[in-house]
Amino acid sequence: MLSPNINIDIKAGYSEAYNLAKIHYENFPVVSFFIPAKIRNDVAIIYWFARTADDYADEGNLEASEKLKKLTAFEESLNWLLNDKPRNNLEAALKSTIITKKLSHHNFFNLLKAFKQDVTKNRYSTFSEVLDYCSCSANPVGKILLELINIRDEQAFYFSDKICTALQLTNFIQDTDIDFDKGRIYYPKDEMAKFGITETEFEMKENNLNLKSLIEFSVNRIQSLFDEGKGLLEFLSGRFKYEIEWTIKGGEEILNKIRGADFDVFRRRPVLSKTDHLKILFKSFFG
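Below is a short write-up of the structure. (Residues numbered from 1 in each chain as written. Predicted model: local features only at pLDDT ≥ 70, side-chain atom pairs only at ≥ 80, totals over all residues. Heavy atoms only, no water.)

Regarding its fold elements, the chain presents 14 helices and 0 strands. Moving toward the C terminus, one meets the helices and strands of the chain in the order α-α-α-α-α-α-α-α-α-α-α-α-α-α. Within the chain, contacts between residues at least 6 apart in sequence are counted, and of these 71% link residues at least 24 apart. Of the accessible surface of the chain, which amounts to about 14100 Å², a share of 52% is contributed by carbon and sulfur atoms. (Helix = DSSP H or I, 4+ residues; strand = E, 2+ residues; numbered from the N terminus. Contact = heavy atoms within 4.5 Å. Areas by Shrake-Rupley, 256 points an atom, 1.4 Å probe, with all protein chains shown as cover.)

Our focus in this paragraph is the pattern of salt bridges. This structure, assessed with the given rule, holds 19 salt bridges. For the salt bridge of glutamate 129 with lysine 121, the shortest nitrogen-to-oxygen distance reads 3.3 Å. With a relative accessible area of 25%, glutamate 129 lands in the partly exposed category. We classify lysine 121 as partly exposed; its relative accessible area is 27%. The partner of arginine 269 in a salt bridge is aspartate 175, with the nearest N and O atoms 2.6 Å apart. With arginine 269 in the loop between α13 (238-260) and α14 (274-286) and aspartate 175 in the loop between α8 (154-174) and α9 (176-181), the pair connects residues that are 94 residues apart, well separated along the chain. (Salt bridge = Lys/Arg side-chain N within 4 Å of Asp/Glu carboxyl O. Buried < 20%, exposed > 50% of the residue type's maximum accessible area, 1.4 Å probe, protein only.)

Position of valine 219 relative to the elements: it lies in helix α12 (residues 209-229). Note on valine 219: relative accessible area 0%, which makes it buried. Separated by 46 residues in sequence, valine 219 and isoleucine 173 have C-alpha atoms that sit 8.2 Å apart. When sequence neighbours within four positions are dropped, the list of residues in contact with valine 219 reads Ile173, Leu255, Ile258, Arg259 and Phe263.

It is worth spelling out the environment of glycine 231 at this point. Following the sequence through the fold, glycine 231 ends up in the loop between α12 and α13. Glycine 231 gets classed as buried once you look at its relative accessible area, which sits at 13%.

What the rule picks out here adds up to 15 aromatic pairs. Taking 5.4 Å as the distance between ring centres and 75° as the angle between the ring planes, the aromatic pair formed by phenylalanine 49 and phenylalanine 108 counts as edge-to-face. Here the residue phenylalanine 49 occupies a position in helix α2 (residues 37-57), and phenylalanine 108 occupies one in helix α5 (residues 105-120), the gap between them amounting to 59 residues. For the pair shown, phenylalanine 49 and phenylalanine 108 are each scored as buried. Among the aromatic residues, those joined into a ring-pair cluster are Trp48, Phe49, Tyr56, Phe74 and Phe108. For arginine 221, the ring lying beneath its charged end belongs to phenylalanine 127, and the centroid distance is 3.5 Å. (Phe/Tyr/Trp six-rings, centres within 6.5 Å; stacked < 30°, edge-to-face > 60°. Lys NZ or Arg CZ within 6 Å of the ring centre and 35° of its normal.)

On to the packing of α2 against helix α4 (residues 89-100). Between α2 and α4, the least distance of the axes is 9 Å, while the angle of their chain directions is 120°. Our classification of the angle between α2 and α4 gives oblique. Viewed along their axes, α2 and α4 form a crossing whose handedness is left-handed. On the side of α2, the interface is formed by Asp42, Ile45, Ile46, Trp48 and Phe49, while α4 contributes Leu90, Ala93, Leu94 and Thr97. (Axes fitted to C-alpha atoms, helices over the stretch in contact; angles between N-to-C directions. Parallel < 35°, antiparallel > 145°, perpendicular 65-115°, else oblique. Left-handed = near helix turned anticlockwise from the far one by under 90°.)

The terminal C-alpha atoms of α12, which comprises 21 residues, lie 30 Å apart, in line with the 30 Å expected from a rise of 1.5 Å per residue. All buried positions along α12 are accounted for by Leu211, Lys212, Leu214, Ile215, Ser218, Val219, Ile222, Gln223, Leu225, Phe226 and Gly229. Regarding α12, its N-cap is asparagine 208, as a side-chain oxygen of that residue lies 3.1 Å from the backbone nitrogen of asparagine 210 further along. (Expected span 1.5 Å × (residues − 1). Polar contact = N/O pair within 3.5 Å; in protein donor to acceptor, adjacent residues only side chain to side chain.)

Encoded structure:
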């Protein structure tokens, strides 16, 4: 960590964050051309914050205690930059975004709470517990993005939560195999029992009829969340509206790929191809 007295370059911090976001191009482009230019740097620095915490939570073969130490130190850095002077360029850029855009601090702390939970909790008894996790791991991101464009309407936040939760749950199904290899299962225990599923299916990568039924049930529930969350689009306009619509359609396309694979999430991880992105782009413009 740099000394608080060192010269700070906010522009350099934004530039570093933007380059990181471009490198880590995943299902949904973080800094796509749909993001209004005036907030592109802000989105990039927020991505750096979340990505860094995520890396700490999943870093290699570190013991859980070491991961928690890193996350706690990162949380202390957040407190420091909010209450005192940032200690490096990235922190300076993050503070600038939070202050100038008047972003709610609790959303950033909730994200860190979720990353800590990833380290300490790897099974969920009920769907309500999963939703509680999503309320910290995903929903704050939507609220932060809305605040960036100065939308602070509670109804808009409600719809945003639905979309963000749906995206998080989609990722859970998409990464079923990857998460299990990390020791995590996000399917609620009571629902696994209801469908006659044990962890043996995950260990054997056995996508039997019972597991397919559980995943189909989960996919249908996620689709309902997407459908309800689309009410958010009424609050948006311009390029940012297209960005959110594109993101929703991307999530729905992942669900379509899961359906098309007969709900087999072990044989091949469902991802979006370049062609898929072009199709989604077309749909975003022309419906």
